[in-house]
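Residue-level listing of the chains:
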Amino acid sequence: MKIPLYLAATTAMVAPSPAQAQRHVEDCPVSDDCASPADNGRNAIVVTATGAPSTPADAGQAITLIDAGLIAQRQFSTIADLLATVPGVTATQTGPIGGFSAIRIRGAEGEQTLTLIDGVKINDPAAPGGGFDFANLLTGNVDSIEILRGANSVPWGSQAIGGIVNIATRRPGEGTSGGGRLEYGANDRFTAVGHANYGSGAFRASLGGGYFTDDGISAAAGGTEADGYRQTAANGRIEIDIADAATVDLRGYYADSRADMDGFPPPFYSLADTPQYATARQLAGYAGLRVRTGTLQHIFAVTLNDIDRDNYASPAATAADFFTRGKATRFEYKGDWAIAAGLRAVFGAEHERSRLFDGFLTAKSHVSGGYVQLVAKPFEALTLTGGARLDDHKTYGNKATFSANAAWRVGENMVLRAAYAEGFKAPTLYQLYSFYGDPDLQPEIAKSYEIGAEQWLLARRIRFALTAWQRRTTNQIDFDLLLYRYNNIARSRGKGVEAELELRPSDRLTFAANYSYTDSEGRQENVASYSRLLRRPVHSLNTAIDWTAFGKLKLGASLRMVSDSRDGFGGTTRIDGFAIASIRAAVPVTQNLEVYGRVENLFDDRYQTVAGYNAYGRNGHIGVRAKF
């Protein structure tokens, strides 16, 4: 791995620090007060810890927060690239934007990452493994992202084994406002994003839309034909107060995408240029009612996740070679009860019905579940959380899940954390009912442990955090070559350390860094020894520096360093590590207008995150942001 030494020396102590540049996350679904940006993000609002609003200082698990300001500052086009800068997170992609993109947290499978947008679970019910493809998730009108690292199925249910990615678009507020941005750059990449807000009295609405197109590069490393991508997206949120303590909450997200692909054509059946392309249309909808009755807060909601995918042999094709239709409808209730001073109960019940159709297979399933968590504060500095969950699935029956964690504030500037959490992942419709399926499959089960500390020094101008974790997963579903079907034949284990550092020598200068050590191994039951899991680098380092210079000129640089990993059948292919540097700048023209630009992969490093697939070389982009 070649690293520009002078750049490494300059930025070896700095990286994006999303945990501290936070305004707010999600929308506090069972609370009226959710804007709490005080104390450098220490008292920001998070929801992934318990499913209800809490502060990071009260959470026993590691949580990273990214707000709209940091998203704009970093200037990434995709959520996956932004998540790759978070400790413990690995992002891989098959080629340019539009290629399949997986997010793995703490070495778990990409399908074991639970993803939500505006409160809706958006993992694909029609995908063989049930994961979410981050290829079609752009930064667009995303307002905040919350990442919980570690298992947490008690409040969230299936798939929360590696962690949770919770995405929120702009929440409506009072008054009239809006904004947008236009961007153009390498590979004829063009971005147009806009949003508007209106709020008066009992009515508040926020609407947004975007268009993105990129001519791309060849997905195949040996190819010459560029594989392009385009997306049209829209989102909206409406809140209506129907009484003093009752609010109707409506949310919607839609994305229509088209991506060119490379395939494995005859006669060699190796990755090469092909005229194939794929389309995806995803609709996520949420309709809820928030009600407060004394010390008890309620939310009743119905959510919809509808995904259509079509693959075509060429632009001339009149019908898809392959398609899937996935749909999940969810009915849920959440409660948050302040029982007494220092004692709180967070509980809920839910029922989900999912459906898959691919032209040959029609499959349906349903699951019902309930959970309860007690959050106790024996004294102000100590928060203890414990919970249990019970699910009843159509095929495998009952599954119980448990968790417990503690957060102890040692004075004003230190927090100690410890957590035990369980996660599970239900078998997918494809794994249960396809030609290769088995209706007797059991859920995957994970048990995770972590301890951590967070320290602030020198009037909170220095922040350091250290977390050590371990996870064991059993009953993992893999393809059994002997039985030629899916089977619960795999298990994995992982351990690691995550370190974060932030320095603020002045209000104009920020240095930050995060380092992750991720040791993840797996084996099948008929194999005695464990082997390194694919596409999981052991070491990663993210660094960044941001400086406001010469009045209001904003300058920044980032460096992402990743060690070698393995890929291919049996892990026989080595993926070399890499170091990718980027620079960026932004300057306000007026109070409401800003010009910005960036150069990604500054030194034109040739690298891959998936063996055989290209990644972008040096590329530059320039844009303008406006608000009113």
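Now for a look at the structure at hand. (Residues numbered from 1 in each chain as written. Predicted model: local features only at pLDDT ≥ 70, side-chain atom pairs only at ≥ 80, totals over all residues. Heavy atoms only, no water.)

## As for the overall build of the protein
Stated formally: Secondary structure elements follow DSSP: runs of H or I of four or more residues count as helices, runs of E of two or more count as strands, with numbering from the N terminus. Note on method: radius of gyration uses C-alpha positions; expected globular size equals 2.2 Å times residues raised to 0.38. For every residue, the accessible area obtained with a 1.4 Å probe (protein chains only) is divided by the maximum for its type, and the residue is called buried under 20%, exposed over 50%, and partly exposed between those limits. In what follows, residue pairs with any heavy atoms lying within 4.5 Å of each other are defined as contacts. Under the convention used here, a 1.4 Å probe and the Shrake-Rupley method define accessible areas, while residue burial counts only the protein chains that appear. Under the counting rule used here, the positive set is Lys and Arg, the negative set is Asp and Glu, and His together with the chain ends is not counted. Here the site of a charge means NZ on Lys, CZ on Arg, CG on Asp, or CD on Glu.
A count of helices and strands for the protein gives five helices and 32 strands. On C-alpha atoms alone, the protein measures out to a radius of gyration of 23 Å, which is about the 25 Å that the 2.2 N^0.38 rule sets for 628 residues. Split into buried and exposed, the 628 residues of the protein put 56% on the buried side. Nonlocal contacts in the protein, meaning residues at least 24 apart in sequence, comprise 61% of its contacts between residues at least 6 apart. Surface accessibility of the protein: about 25,100 Å² in total, with carbon and sulfur atoms responsible for 60%. Computed over 63 positive and 66 negative side-chain charges, the separation of the two mean positions in the protein equals 3 Å.

## Here's the deal with the environment of Glu 111
Turning to its location among the elements, Glu 111 is positioned in the loop between β3 (101-105) and β4 (113-117). Exposure remark for Glu 111: the relative accessible area of 29% places this residue in the partly exposed category. Linking Glu 111 and Thr 383, residues 272 residues apart in sequence, is a C-alpha distance of 31 Å. Non-local contacts of Glu 111, meaning those with residues more than four positions away in its chain, are made with Asn 123, Gly 129, Gly 130, Gly 131, Gln 159 and Lys 425.

## Some points on the pattern of salt bridges
Note on pairing: side chains with opposite charge can pair once their charged atoms come close. Stated precisely, the cut-off is as follows: For this document, the term salt bridge refers to a Lys or Arg side-chain nitrogen within 4 Å of an Asp or Glu carboxyl oxygen.
One pass over the full model with this rule turns up 47 salt bridges. Among the charged side chains, a network of salt bridges with common partners joins Arg 106, Arg 149, Arg 417, Glu 450, Glu 454, Arg 463, Glu 498 and Glu 500.

## Description of the pairing of β3
What counts is decided by this rule: Here a strand pair is declared whenever DSSP counts at least two bridges between the two strands.
Counting buried positions along β3 gives five out of five residues, so the element sits mostly inside the fold. Residue alternation in β3 divides its side chains into two sets, Ser 101, Ile 103 and Ile 105 and Ala 102 and Arg 104, and both sets are buried. Judged from the five bridges that link them, strand β2 (residues 89-93) and β3 form a sheet pairing that is antiparallel. Directly across from Ala 91, in β3, lies its bridge partner Ile 103.

## What about empty space enclosed by the protein?
Rules: Residues are said to line a cavity or pocket when one of their atoms sits within 4 Å of a point; the points come from a 1 Å grid over protein atoms alone, cavities being sets where a 1.4 Å probe fits but cannot get out and pockets being open sets with protein on both sides within 12 Å along at least five of seven lines. Grid points are joined across faces, edges and corners, and a volume is the space filled by probe spheres set on the points. Polar here means any residue outside two lists: the nonpolar Ala, Val, Leu, Ile, Met, Phe, Trp, Tyr, Cys and Pro, and the charged Asp, Glu, Lys and Arg; Gly therefore counts as polar.
Evaluation of the coordinates by the stated rule reveals 13 cavities of 30 Å³ or more. Estimates place the volume of the largest cavity at around 630 Å³. Those elements that place two or more of their residues in the lining of the largest cavity are α3 (79-83), β2, β26 (539-549), β27 (553-562), β30 (578-590) and β31 (593-600). At four residues, β30 tops the list of elements feeding residues into the lining of the largest cavity. A breakdown of the residues in the lining of the largest cavity according to their chemical character gives 13 nonpolar, 17 polar and seven charged. Lining the second largest cavity are 35 residues, and of these Ser 158, Gln 159, Glu 352, Ser 354 and Ala 426 lie nearest its centre. Counting residues per element, the ones that place at least two in the lining of the second largest cavity are β5 (120-121), β14 (296-312), β15 (322-340), β16 (343-357), β17 (362-379), β18 (382-393) and β20 (414-425). Counting residues per element, the lining of the second largest cavity draws most heavily on β17, which supplies five residues.

## Observations regarding a positive patch on the surface
Which entries qualify depends on this criterion: Patches in this entry comprise residues that are over 30% relatively accessible and not in a salt bridge; like charges within 9 Å are linked, as are nonpolar side chains (Val, Leu, Ile, Met, Phe, Trp, Tyr) within 5 Å.
Among the surface-exposed residues, Lys 327, Arg 353, Arg 355, Lys 364 and Lys 394 lie close enough to one another that they form a single positively charged patch. Along the chain, Lys 327 turns up in strand β15. Taking the relative accessible area as the measure of exposure, Lys 327 reaches 36% and is therefore partly exposed.

## Examining the sheet that holds β5
Judged by pairing direction, the sheet is mixed, and its five strands sit side by side in the order β1-β6-β7-β4-β5 without closing on themselves. A strand with exactly one partner marks an edge of an open sheet, and here the two such strands are β1 (63-67) and β5. Note: β4 against β5, two bridges, orientation antiparallel. Looking at β5, one finds that Leu 116 is bridged to Lys 121.

## Looking at the packing of aromatic side chains
Cut-off, in case you're wondering: Any Phe, Tyr or Trp ring, taking Trp's six-membered ring, that has another such ring centre within 6.5 Å forms a pair; planes under 30 degrees apart are called stacked, those over 60 apart edge-to-face, and the others tilted.
This structure, assessed with the given rule, holds 16 aromatic pairs. Seen in terms of ring centroids, Phe 323 and Phe 357 are 5.8 Å apart; in terms of plane orientation they differ by 55°. Their pairing is tilted. Of this pair, Phe 323 sits in strand β15 while Phe 357 sits in strand β16, placing them 34 residues apart in sequence. The exposure class of Phe 323 is partly exposed, given its relative accessible area of 23%. Their ring planes at 80° and their centres at 5.2 Å tell us that Phe 479 and Tyr 484 sit as a pair that is edge-to-face. Classification of Phe 479 as partly exposed rests on a relative accessible area of 23%. Three or more aromatic residues link up through ring pairs in this structure, and these residues are Tyr 430, Phe 435, Tyr 436, Phe 479, Tyr 484 and Tyr 486.

## Regarding unusual backbone geometry
Along the chain, Pro 266 connects to Pro 267 via a cis peptide bond; the corresponding omega equals 10°. Notably, Tyr 484 is not glycine yet its phi reads approximately 55°, a positive angle. Secondary-structure assignment places Tyr 484 in the loop between β22 (462-480) and β23 (485-506). A positive phi angle, near 50°, is found at Asn 601, a position not held by glycine. Structurally, the position occupied by Asn 601 is in the loop between β31 and β32 (619-627).

## Some words on the nonpolar core
As a reminder, the rule being used: The set of buried Ala, Val, Leu, Ile, Met, Phe, Trp, Tyr and Cys residues whose side-chain atoms join them within 4.5 Å is what this entry labels a nonpolar core.
If you look at the biggest cluster of nonpolar residues, it comprises 31 residues, and the most contacted ones within it are Ile 66, Leu 83, Ile 103, Phe 134, Leu 137, Ile 145 and Ile 147. The leading source of residues in this core is α3, at four residues. The contacts of Ile 103, once residues within four sequence positions are left out, are Ala 80, Leu 83, Val 89, Thr 90, Ala 91, Gly 110, Thr 113 and Phe 134. Of all hydrophobic cores here, the second largest spans 12 residues; its members include Ile 63, Leu 114, Leu 116 and Ile 164.

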